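Overview (structure and organization)
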There are 2 protein chains.
Amino acid sequence: MDSKNYSSPLDLKQVQITDEFWGREQELVRTEVIPYQWDALNDRIPDAAPSYCMRNFRVAGRMMKEKREQGAKFVAPTYTFRGFEALPEDPKNPDPDKFYGFVFQDSDFAKWIEAVGYSLVNHPDPELEKTADEAIDIAAQAENGYLDTYYIINGMDRIFTNLRDHHELYCFGHLLEGAISYYQATGKDKLLKAAEKYADFISTKFGPEEGKCKGYPGHEIAEMALAKLYEVTGERKYLDLSKFFLDMRGTRPYYFDLEEKERAEHDGMSYREPNPAEIRHAYHQANYPVREQSEAVGHAVRAVYLYSGMADVARLTGDEAMYEACERLWNNITKEKLYITGGIGGTHLGEAFSFGYDLPNDTAYSETCAAIGLAFFARRMLEIQADNRYGDVMEQALYNTVLAGMALDGRSFFYVNPLEVLPEACEKDERKRHVKAIRQKWFGCACCPPNIARIVSSFGAYAYTQNESTLYTHLYAGSRVSFTLNGTAADMKLESNFPWDGEVKAVLHTEDSAKGTLAFRVPGWCRQAKMRIFRDNRICCSCKIDSEGLAVRTEELHDKCGAVNCCSMKRGYLYLTGEWRDGDEICLSFPMEVRCVAANTRVREDTGKVAFVRGPVCYCMEEADNGKNLHLLRVDTEKLFTDGTADISDKVTVEKTGELGHEMCILKAPGKRMSMDGAEELYHDYAPVAESDVTLTFVPYYAWNNRGEGEMSVWVRS
Amino acid sequence: MDSKNYSSPLDLKQVQITDEFWGREQELVRTEVIPYQWDALNDRIPDAAPSYCMRNFRVAGRMMKEKREQGAKFVAPTYTFRGFEALPEDPKNPDPDKFYGFVFQDSDFAKWIEAVGYSLVNHPDPELEKTADEAIDIAAQAENGYLDTYYIINGMDRIFTNLRDHHELYCFGHLLEGAISYYQATGKDKLLKAAEKYADFISTKFGPEEGKCKGYPGHEIAEMALAKLYEVTGERKYLDLSKFFLDMRGTRPYYFDLEEKERAEHDGMSYREPNPAEIRHAYHQANYPVREQSEAVGHAVRAVYLYSGMADVARLTGDEAMYEACERLWNNITKEKLYITGGIGGTHLGEAFSFGYDLPNDTAYSETCAAIGLAFFARRMLEIQADNRYGDVMEQALYNTVLAGMALDGRSFFYVNPLEVLPEACEKDERKRHVKAIRQKWFGCACCPPNIARIVSSFGAYAYTQNESTLYTHLYAGSRVSFTLNGTAADMKLESNFPWDGEVKAVLHTEDSAKGTLAFRVPGWCRQAKMRIFRDNRICCSCKIDSEGLAVRTEELHDKCGAVNCCSMKRGYLYLTGEWRDGDEICLSFPMEVRCVAANTRVREDTGKVAFVRGPVCYCMEEADNGKNLHLLRVDTEKLFTDGTADISDKVTVEKTGELGHEMCILKAPGKRMSMDGAEELYHDYAPVAESDVTLTFVPYYAWNNRGEGEMSVWVRS
């Protein structure tokens, strides 16, 4: 591993998002999602199933108080399994002593407080902070540090006996992330201390030492959360625990089998020993030891959460084998299992990856959380090695599937993000029941909306990373960033109108001249980038970067520059090294030509089809613009490609419009509409089909379904 | 209803199939399927799950014997529900007093004996008849006539309490069909008497009279079986019972709800009253009263079994409203829900019809039994009204999906008949788990192989129907048929090389001259048919029939004929009426041009694709001939349609080959193969794809997958 490229995200206090695009998304999260979610967690949303999340914490808090007060007289409940989701017989009169909701219901609070923390950084809000403090004051933690209301209420005699299914370590991971965020935002460490106490308790139960449990999380996240806790506290034991979970995963005999057997014995149930040679637990990414994994399999969210944790540990421990596994898994996802929308997970069965190149559009799962997890993974790979392969996919996920998960008004959400929708099929075809033709207000399993909230409100941590000598710019959102270059404080104001325009201006402010490197991602979608440095309002350096796909040719770089000593390209990043002065301006130009894209011929679903992208934005057709029966439309590739080049900028119109809620670019391209057969015959002799000329309208994929229910398709016949 | 067109199938003794094609299929059934199935029913197939079918009959027979012997001392078992399939804990040591297998396991014996009966008609086999007689001698029937081993063994206190799920009336229907077939073949009425006794018992339990049960079968078949029993015995009560089941179906309140409530009360379980306004039970075609049904819904096999019974009762009672419902349902299936292979059932969820025009190829269900049931329905519609709309679809189902259900060697079977297969997807994608890439030896739910056996061995009943004055020829298999025309005995020898050649010669033998009509179906796939009549080796009449699609123009008919008084076309049938003499020859010519077919533009799955058919045979591409990655291939429609007509006979080669096991015609057509992308990039800038010229090879769909596992596709990009 090339250690000199390591970098870390900035503290959110160092980054302020100032532009219309992400700034607006952050405002939506702050003003719509966070308050709505708090009402949801407190069962105050009319017409939505109660969450019971905060109620569970209060029940657990009361029980722990009783235990403290009653001492030895306290009668602890004895655990009995009641299913993965427990609901009261009468929703209006839940039993005051019972746990309700999914086994992982606690995590919803953790995700909420994480988003609250991020949001408070740039938007102090005493009211919200008071609400959060009061929630933290519920104090449901057991004396030994254990903190999971499912078992506290149902019976702590059986904690950690079903790691595979019961999400204790998942809730724990989210609790850490939430506690760290809230601590970093407010400086208040009550929740962080509780989370640390829980982590310490877990350390006494899990580890390589004899007598300790050798299990690992069924739903990963604790791995990356523990790495973060280590980075925040400096306590090595947390990194060790994270590494332990990774080291144990997928080893033989499978821990999930051992614990299942133990449960069966405990409950007096029959248990059949599995064939020891059989490869199992792919759903949980526990089929092989992590360093031996090469194919992204199973539940897609769990997978990218795991890979994120692996990347953290690889970076923090210099574990080359772990890094290589991450790199293999990254390649497997991005070369065989990634939707053009930045989504992952081809099948709803197990919310999982399908096999290589199996990327169905109409039955896609492409869970919002999985795209978020992919951004987690990408950011962590960038921390190891700045490479536009990672940055491009992170951008693709964030600008397309992640944002598509939320309506433009921030009030409804997609869990599943198909690339083709026929509302009639969603309604009538049970195979597509997971595909909703319209965003939903809330979900029983409410993972996606709070996950959107936490990634959008922490966007700054994805836009920039830094190390001693370098500031990396990965994403071009209008923003202000404070940093140090080899010890000298500096400030950079980045102006951009991304994703609609590729012109970026970065203005430096520094009291002393700052020696070091500014590195900028040159997006893979950009055919020819330009860079100019202005000092004292005069150009002192300029260069062009030609790219062919992802490979950037460096030989044309202009390296005789007054301001910088060295100007070089490496892995799709432009490195500008020199002595920076106050007022230096770096202008980057990433022309956003409309691209007409085809999928690899191995992707059967997209054979004979194309999609349109422009800059980081993937486009789609909607019924609202193009009428019903989108399948009858095709792109007129003959008109588009008359001159045999991929440059179609003169044939596709880019229009700015505010019609969908905020200003965005839509595309208009020449197309054909097949005339509709009569309804008389199901099959008839083939004849070349009559077609009429039409103009196809494409809107950004993230903005689809903001005008009521209708057909949608990303891929169009060509 | 136009009563003069009523007709009935001939007794199988009147028809002998003599040609290579169906004769060979019947031989396979006789020599392979029937003996194999008998072994299966008796749990003698190594490596296959035991059926327990005959064992259940023996257990029930022993119990009934004990009951007779012990009288009042006999302790009858008390019924407890044990699941829809009961298997012994130790398969090698089943409990001698228990029922095993599916609740409908009895029907497998009934289907077997039905096929045995049909087979014995033309192939006397004393050994087989002895085996059948011994099976019949098991005598598992209760004294009151009840005959279902599931309840006899488990407890008769709860018979007819779960009509929706427990298949008693389904097993009863199959028993009737089996008993009638065996009686008609052998003249032995022991089983028929038992079946009648059971029918009489059911008549005492079900009917419009007060106090009788108002229920109807959950899985239909009794309706058509009772109609047949009425026709064999002349007993009106059986027709009345059939009509009663039809009349009750779908009426409010739904019987299935009433019985569910009764069961819940009996078992002390909770029951929630459904919303009375809700339309339910579409899976069982009980959503509406049958005369009000317009859309084919739910489980496809049940649906076409129901419609067959409806057609029978419409014919036998002259019920116009019932006939109109049949006609609506027929149109709905054939105009919106029929695969080009003659298969039905677009979704595996509920083995059911999907919504209109939803005909996915790779996830198709298209159960073999459903295509068989469609042929049942078509034959019954033909009995009401000779119309080539019915005859064409019957032919399409029989020559394609029905035959595809069985390997060319008769030793393995498809339950599901997809139109596109990628073996990797069947293995790795759980959404396609129902699609097998290779035929299976036997199935736990073994409905399809015995169903193929019974329809293939009774093929003659589909080829011809008759009434007092007319012999209808619906299917052109080489055969000999004995019949009467207005009382005069005649014999017709039909020579044909269908489905490979459309030349048909019918030679009449009659001692006296026979007055009456010979009616021949003019297939809808035939663009121009010719007919010539030879008397004394000289042409005495000839005519041409032009068709455009299914509509046949009659104005060009030659009606000045020496042999016949009248020669007319009606609903796609050619009627030749006259005084026939011994030696008269009718030569029919139905040129089998290769047709390149497109689906209605409403069928999204087939947009931009074509399929090839020739005569009744639908074709497909296989990996064995065309290599892997069939999706990269397309038909070169520019080469095919240079002159703008649908006639492509000079560009598509028809070759006879015996390579796949027996002689058949394969097709070779000009095509293009897209070059394969490198594996590096998942998405890239579109460029017109490089293609190479290839010759595409198409084999008959029914013959696919007889050369090992591989890709297959009926539809090809155009």
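Below, the structure is looked at part by part. (Residues numbered from 1 in each chain as written. Chains lettered and ligands numbered in written order. Predicted model: local features only at pLDDT ≥ 70, side-chain atom pairs only at ≥ 80, totals over all residues. Heavy atoms only, no water.)

1. Considerations on the relation of the copies chain B and chain A
Overlaying chain B on chain A yields an RMSD of 0.1 Å, the required transformation being a rotation through 180° with an accompanying axial translation of 0.0 Å. On the angle and the small slide along the axis, the relation comes out as a two-fold axis. For chain B, the minimum C-alpha distance to the rotation axis belongs to Arg431 of chain B and amounts to 4.2 Å. The residues that chain B uses at the interface reappear at the interface of chain A in 100% of cases, marking a shared surface. (Least-squares fit on C-alpha atoms with pLDDT ≥ 70 in both. Contact = heavy atoms within 4.5 Å.)

2. What to know about the packing of helix α2 (residues 53–70) of chain A against helix α3 (residues 106–122) of chain A
Residues and elements named next belong to chain A. It is at 8 Å that the axes of α2 and α3 come closest, and there the two elements cross at 105°. Classed by the angle they form, the pair α2 and α3 counts as roughly perpendicular. Residues Cys53, Met54 and Phe57 of α2 form the contact with α3, whose participating residues are Asp106, Asp108 and Phe109. Grouping the amino acids of the contact of α2 with α3 by side-chain chemistry returns 4 nonpolar, no polar and 2 charged. (Axes fitted to C-alpha atoms, helices over the stretch in contact; angles between N-to-C directions. Helix = DSSP H or I, 4+ residues; strand = E, 2+ residues; numbered from the N terminus. Parallel < 35°, antiparallel > 145°, perpendicular 65-115°, else oblique. Nonpolar A, V, L, I, M, F, W, Y, C, P; charged D, E, K, R; others polar.)

3. Here we look at the interface of chain B and chain A
Opposite the 63 residues of chain B that make contact, chain A presents 63 residues. Both faces considered, chain B and chain A share a buried interface measuring about 5200 Å² in area, 56% of it formed by carbon and sulfur atoms. Our count for the contact surface shared by chain B and chain A stands at 8 salt bridges. In this structure, Arg431 of chain A engages Asp358 of chain B in a salt bridge whose closest nitrogen and oxygen atoms are separated by 3.2 Å. At the junction of chain B with chain A, the criterion picks out 39 residue pairs in polar contact (both at pLDDT 80 or more). Looking at the side of chain B that touches chain A, the elements that each hand over two or more residues are α12 (320–336), α15 (423–428), β18 (594–599) and β24 (683–685) of chain B. Counting residues per element, the side of chain B that touches chain A draws most heavily on β18 of chain B, which supplies 5 residues. (Buried area = accessible area lost by both parts, 1.4 Å probe. Salt bridge = Lys/Arg side-chain N within 4 Å of Asp/Glu carboxyl O. Polar contact = N/O pair within 3.5 Å; in protein donor to acceptor, adjacent residues only side chain to side chain.)

4. Here's the deal with empty space enclosed by the protein
Residues and elements named next belong to chain B. Applying the stated criterion across every chain, the model contains 3 cavities of 30 Å³ or more. One number sums up the size of the largest cavity: a volume of about 60 Å³. Breaking the lining of the largest cavity down by element, the ones donating at least two residues are α3 (106–122) and α6 (168–186). Element by element, the count of residues in the lining of the largest cavity is highest for α3, at 4 residues. Here the lining of the largest cavity is composed, by residue class, of 8 nonpolar, 1 polar and 1 charged. (1 Å grid on protein atoms, 1.4 Å probe; cavity = no way out; pocket = protein on both sides within 12 Å on 5 of 7 lines; lining within 4 Å. Points joined across faces, edges and corners; volume = space filled by probe spheres on them.)

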